[in-house]
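As a plain string of letters, each chain reads:
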Amino acid sequence: MWSFWIVCKALEVSARVERDVTMKTRLARFPFVKTLDQFDFSFQPALNEAQIRELAAARFVAHGENILLLGPPGVGKTHLAVSLGVAAILQGISVVFFTVADLVDLVQQDVKEDRLDRRLHALCTPKLLILDEMGYVPLDQRSAQFLFRLISRRYQKGSIILTSNKSYGEWGDVVSDYVLATAMLDRLLHYSTTINIRGESYRLREKRRAGVFHDLTAKPVKAGPSASRKTQGAGAIEADSRYDGL
Ligand code: ADP
Ligand code: MG
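Residues numbered from 1 in each chain as written. Chains lettered and ligands numbered in written order. Predicted model: local features only at pLDDT ≥ 70, side-chain atom pairs only at ≥ 80, totals over all residues.

On to the confidence of the model for the protein chain. Residues of the protein chain with pLDDT of at least 70 account for 81%, and the chain-wide mean is 86. Segment residues 233-246 is flagged for pLDDT under 50; beyond a separation of four residues in sequence, or across chains, it makes 28 contacts in the model. (pLDDT = per-residue confidence, 0-100. Contact = placed C-beta atoms within 7 Å.)

Structure (C-alpha cells):
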C-alpha cells in the first residue's frame, strides 16, 4: 500500500516536472528543439565533447557566467546553444532564445511604442538568455546601445549564450562603434567560456560529398583545430581578440 502511494507521489512529481519543462520550452521560443544527444561530435572531432557535456550541467548559470560559441555558418552553433538551453530547462532554469536580428526588430518596434525599458526588464528576467547570430546583421546605434544595456544589466546576474560568425576583433564593425563593442565584450567575456568551432558546415556535408558544392569562401589557410578558452578577470579581451576568426 505504501509503495503504491510512493509510486503515485513520484508520478505526480514527474508529471509536474513534465508540465514545467513543456511550459519552459514553449516560453523559450527555440527555433527548433534539439538535444546534445542529437549532436554528432564525430563530425566536429576537435570539439571537446566532455567540456560541452560539463556545460550542459548548467553550473555556469548558477555562477552567472556566459558561453560564446564562435565559428562559420553550419558548424552547429545554434544546435549547441539550443541543446544547452534544453539541458538548462531540464534543471528548472528559465531560458529565452532570440536572434540578434529579432532583437533589432523588437527595439525598432519598442521605440515607436515607448516600451524599451519594459523590454529590457523582460529580457533580464530569464536565468539564461540565448542570443543567436551576432554579426549577421549590422546593429543600428539604438540597437547597439540596447544590447550594451542588456549585457550590462545581466552582468554576473544572468547568463548569456551568444553565437557569432564574427571574431571579437570584428565586433566594432558590427555595432559601428568600437568603444561600445569593447565595453560589451569587456562585460561578456569577464566570466565566460569561448568555444571556437572551426570545422566544416554540417549543412553542406552531403552536397560537398556529392561534389555539388565547393567552398567559395575557403581561404588558402589550413583550418586549425577548434579551441575553447575560459576567461576570468582582466585581460579577457586581449586574450580573445587574438581569435583569428574565419
Ligand atoms: P550554425 O548555427 O553554426 O550555422 P546550426 O546549428 O544551425 O549551425 O546547424 C545547421 C544544421 O545542421 C542544424 O539542423 C543542426 O542541427 C545540424 N548540425 C550541425 N552540426 C551538427 C552535428 N555535429 N551533428 C548533428 N547535427 C548537426
Ligand atoms: Mg545558427
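Counting residues in each nonpolar core, the largest one holds 53 residues, and the members touching the most others are I67, L69, L84, I130, L147, I161 and L188. I161 has contacts with I67, L69, A81, L84, L128 and I130, leaving out every residue within four places of it along the chain. (Core = buried A, V, L, I, M, F, W, Y, C linked by C-beta atoms within 7 Å. Buried ≥ 20, exposed ≤ 12 C-beta atoms within 10 Å, placed from the backbone.)

Ligand 1 sits among 16 residues. The nearest are D40, G76, T78, H79 and Y202. In terms of residue count, helix 4 (residues 77-90) provides more of the shell around ligand 1 than any other element does, 3 residues in total. Grouping the constituent residues of the shell around ligand 1 by class yields 5 nonpolar, 7 polar and 4 charged. (Near = placed C-beta within 6 Å. Helix = DSSP H or I, 4+ residues; strand = E, 2+ residues; numbered from the N terminus. Nonpolar A, V, L, I, M, F, W, Y, C, P; charged D, E, K, R; others polar.)

Turning our attention to the environment of D132. Summarising the element assignment, D132 is placed in strand 3 (residues 128-134). Taking C-alpha positions, D132 is 6.0 Å from V100, a pair spaced 32 residues apart along the chain. Discounting chain neighbours no more than four positions away, the residues touching D132 are T78, A81, F97, T99 and T163.

Mapping G85 onto the fold places it in helix 4. Once the C-alpha coordinates of G85 and L129 are considered, the two residues, 44 residues apart in sequence, prove to be 8.7 Å apart. Once you skip the residues sitting within four places of it in the chain, G85 turns out to touch A28, F30, V95, F97, L128 and I130.

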